[in-house]
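Each chain is listed here by its residues.
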Amino acid sequence: MVKTRRHRERQPIRAQVIRALVWPLRAPQRTSHHSWDLEAVTREEREVRTGVLSAGVALLPLGAALLAALNLLQQAHGDSRLTLAILQNLSLTSLAFGVLFGLSTAVSAGLAIGFSSVSGDRSMPPSVRRAASIGSTSLLLITFYTQTATVFISALGICYVFWRFPPKWLRARDSLTIGMPFEQWLEPPEPEDRVLRQLWQRGRQEPSHLHAISQEVVARQEAIARHRAPGLLAAAWVVVWAIFGTYGYSLLTTPVQLAPLESVTFSSGQQVVGYVFSGSDSDGIFVYRDMRGVQHLKDVKIKSRELCWSPPSIFTRTVVGTFSHETRPPGRASC
């Protein structure tokens, strides 16, 4: 019996820490048979969230680099030697700009979705909701001009759904109903907090002491509310997890383009299509379009290079581009 009681005492802290790291805005599933010290739980939960957000600035670049390497390894069909050869011939600046440019869609969409869910969450402060609405609208306008029509329509639809029906696992925790009539508060179900549950039982058993008990209930609710995550912290959690989820999903499903697709003509007259990973035409490697064959530029000489161009389709055309007819620009090769 002692072991069970100790296990129940430690269980809320462990559950809250795990929830703060994995599902930070989802309320844990609790049964009415267990009581919790919500003041201690919310205090530790807020400390964990603040610490993880502070460390996230340093951890995000590391996670982005790891996912980019996995993405490149997937494009190389699991060939680790080819992956290392490509990375060896890439500068750190080229790698960083290539990853950020390729993930601009994911970042803008993740921010817009996160801001939309915050603006539709009525538990957030009004100032936070207004700022989130402005941010979401601005990002959608940027997506309208810079991204494809399919991406813009998808982002617009998801943002509307998240704004109109904020998912429970993205909502900030609802604040305690301080100010509820005490007689209504005494109705079932029992409170989750251990102290509030004792006061709830006393109030139902001692009707003559309702005034004093009600004051203790309000004091306990205010003590718990002081340690709850504020609106800005909860909004930051929503935005960070929306960006991280969209960022990781895009890296694992969409090829990261670290170099432009080009039509290359060697001095021998051979014309091939692929990617040039080099700072000059005499050093580096040429990777064929299928990401399997490799040609060292020390062994061959590049005679000419042209950027590839293909007619835009419904999946590559922007919303603005749908009203204009695009032709192949001069100096571009059809490939």
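A few points on the structure. Remember, it's a predicted structure, so these values are computed and weren't measured experimentally.

This paragraph deals with the overall build of the chain. Scanning the chain from N- to C-terminus turns up 11 helices and six strands. Put simply, the chain has 335 residues, and 36% of those count as buried. Surface exposure of the chain reaches about 20,100 Å², of which carbon and sulfur atoms provide 61%.

Between its first and last C-alpha, helix α6 (residues 126–146) extends 30 Å over 21 residues, near the 30 Å set by a 1.5 Å rise per residue. Three or more residues of α6 are buried, namely Val-128, Ala-132, Gly-135, Ser-136, Leu-139, Leu-140 and Thr-143. Along the long axis of α6, the arc covered by the buried residues comes to 135°, so they all point the same way. Those residues of α6 that are exposed and angled more than 90 degrees off the buried face are Pro-126, Arg-130, Ile-134 and Tyr-145.

Our next topic: the state of the cysteines. Under the counting rule described, the total for this entry stands at one disulfide. Each sulfur of the disulfide joining Cys-308 and Cys-335 lies 1.9 Å from the other. Judged by the sign of its S-S torsion, about -140°, the cystine formed by Cys-308 and Cys-335 is left-handed. Residue Cys-308 is located in strand β5 (residues 302–309), and its partner Cys-335 is located in the segment after β6 (332–334); the two are separated by 27 residues in the primary sequence. Take Cys-335: its relative accessible area is 25%, and that puts it in the partly exposed class.

The biggest cluster of nonpolar side chains holds 17 residues, and the ones touching the most others in it are Ile-86, Leu-258, Tyr-275, Phe-277, Val-287 and Met-291. For this core, the elements supplying multiple residues, two or more each, are α2 (38–75), α3 (80–88), β2 (271–280) and β3 (283–288). Contacts of Leu-258, omitting those with residues within four sequence positions, involve Leu-72, Leu-90, Leu-95, Gly-98, Val-99 and Phe-277.

Calculation notes
- Residues numbered from 1 in each chain as written.
- Predicted model: local features only at pLDDT ≥ 70, side-chain atom pairs only at ≥ 80, totals over all residues.
- Heavy atoms only, no water.
- Helix = DSSP H or I, 4+ residues; strand = E, 2+ residues; numbered from the N terminus.
- Buried < 20%, exposed > 50% of the residue type's maximum accessible area, 1.4 Å probe, protein only.
- Areas by Shrake-Rupley, 256 points an atom, 1.4 Å probe, with all protein chains shown as cover.
- Expected span 1.5 Å × (residues − 1).
- Arc of directions from axis to C-beta.
- Disulfide = S-S within 2.5 Å.
- Core = buried A, V, L, I, M, F, W, Y, C linked by side-chain atoms within 4.5 Å.
- Contact = heavy atoms within 4.5 Å.

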